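Observations on the model geometry
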Amino acid sequence: MKHAANLISASRIFLALALFFSFRHTHLFFLLYVGCGLTDMLDGFVARKTGTQSELGARLDSIADIIFFTAAAAGIFSWMEKEILVFLPWIIATAILRGANMIIAAYKFRTFAILHTWGNKLTGFLLFITPLSVLYQQRVFLWIVCAAAIISSAEECLIHMTSPSLHLDRRSLFQRRR
């Protein structure tokens, strides 16, 4: 039971990697996709309930999130083809900000870090339901996702730049520093 949450996170890594091979098989993609989403919710819950939260678990979760996001984005790009071009500047800006956040954290705190802020959690949830919006031709939803991603990326950047120490579970820029 001590490693259950980490095993759940590791399983999400494998499920997310499998997503890359399922773009042309819609039912398989959504089955794997839902599996990734469920394991994303379950790993943190299990860790908290069993008192097994760890730095390794937080890092596994972040790695799994990156692979999951990349696979989902690749799927959306393959389905939308040229329609995605209007969103591309926002996607690139978000990727640059996220990369800058990792560089700032690596330089300042000497470690890889993605914060678990409310903004990042909201963006993650919106990204999770994005393939459904694409499937049902709800393109306006993608603008909401882009806005949430830019705002949460900027917030994380400000947190990294103004925090004297790293707290992966800091919820927002406005949360009192520890």
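Structural data are supplied above this passage.
Quantities reported herein were computed from a predicted structural model and do not represent experimental measurements.

Criteria and cut-off values
Position numbers for residues start from 1 in each chain and track the written sequence from start to end. Only residues with pLDDT of 70 or above have their local features reported here, since the model is predicted, and side-chain atom pairs are shown and tallied only from 80 upward, although totals for entire chains, interfaces and linings are computed over all residues. To get the side-chain values, all heavy atoms of the structure are used, and hydrogens and water are removed first. Secondary structure elements are taken from DSSP: a helix is a run of H or I of four residues or more, a strand is a run of E of two residues or more, and numbering for both begins at the N terminus. For every residue, the accessible area obtained with a 1.4 Å probe (protein chains only) is divided by the maximum for its type, and the residue is called buried under 20%, exposed over 50%, and partly exposed between those limits. In these tables, accessible area is a Shrake-Rupley quantity obtained with a 1.4 Å probe, and a residue counts as shielded only by the protein chains included in the view. Working definition of a nonpolar core: buried Ala, Val, Leu, Ile, Met, Phe, Trp, Tyr and Cys residues. They are joined through side-chain atoms within 4.5 Å. Criterion for a salt bridge: a side-chain nitrogen of Lys or Arg within 4 Å of a carboxyl oxygen of Asp or Glu. Inter-axis angles, ranging from 0 to 180 degrees, are taken between N-to-C directions of lines fitted to C-alpha atoms, where helices are fitted over the stretch in contact. For classification, angles of less than 35 degrees are called roughly parallel, those exceeding 145 degrees roughly antiparallel, those between 65 and 115 degrees roughly perpendicular, and all remaining angles oblique. Left-handed describes a crossing whose near helix is turned anticlockwise from the far helix by less than a right angle; the clockwise case is right-handed. Between two residues, a contact is recorded if the distance between any of their heavy atoms is within 4.5 Å. Only the six-membered ring of Trp is used, alongside the rings of Phe and Tyr, when aromatic pairs are assigned; centres must lie within 6.5 Å, and planes under 30 degrees apart are stacked while those over 60 apart are edge-to-face, with the rest tilted.

This next bit is on the overall build of the protein. Regarding its fold elements, the protein presents six helices and zero strands. Principal-axis analysis of the C-alpha atoms places the extent of the protein at approximately 45 × 40 × 25 Å. Here the protein holds 178 residues, and the buried ones make up 43% of them. Surface summary for the protein: the accessible area is close to 10,300 Å², and the carbon and sulfur share equals 73%.

You can see Gly51 is positioned in the loop between α2 (26-50) and α3 (55-80). Gly51 sits in the exposed class, given a relative accessible area of 60%. When the C-alpha positions of Gly51 and Lys2 are compared, they lie 8.6 Å apart, and in sequence the two are 49 residues distant.

Grouped together as the largest cluster of nonpolar side chains are 15 residues, with contacts concentrated most on Ile13, Ala16, Leu19, Phe29, Tyr33, Cys36 and Phe68. Breaking this core down by element, the ones donating at least two residues are α1 (4-19), α2 and α3. A per-element tally of this core places α3 first, with six residues.

If you walk through the whole model with that rule in mind, you get six salt bridges. Measuring nitrogen to oxygen at the nearest pair gives 3.3 Å for the salt bridge that ties Asp40 to Arg12. With a gap of 28 residues between them, Asp40 in helix α2 and Arg12 in helix α1 connect regions that are remote in the sequence. Residue classification places Arg12 among the buried residues on the basis of a relative accessible area of 0%. A salt bridge links Arg59 to Glu55; its shortest N-O distance comes to 2.5 Å. With Arg59 and Glu55 both in helix α3, this residue pair falls four residues apart, about one helical turn. On the accessibility criterion, Arg59 (18% relative accessible area) is buried. A network of salt bridges, in which partner residues are shared, links Arg12, Asp40, Asp43, Asp61 and Asp65.

One way to put it is that α2 packs onto α3 with a least axis distance of 11 Å and a crossing angle of 155°. Relative to α3, the element α2 is oriented roughly antiparallel. Taken as a pair, α2 and α3 cross one another with a handedness that is left-handed. On α3, the residues touching Phe29, Phe30, Tyr33, Cys36, Gly37, Asp40 and Asp43 of α2 are Asp61, Asp65, Phe68, Ala72 and Trp79.

In this section: the packing of aromatic side chains. For the structure shown, the criterion picks out eleven aromatic pairs. For the pair Tyr33 and Phe68, a centre-to-centre distance of 5.0 Å together with 50° between the ring planes defines the contact as tilted. A residue pair is termed long-range when its members are at least 10 positions apart, and Tyr33 in helix α2 and Phe68 in helix α3 qualify at 35 residues. By relative accessible area, Tyr33 is classed as buried at 3%.

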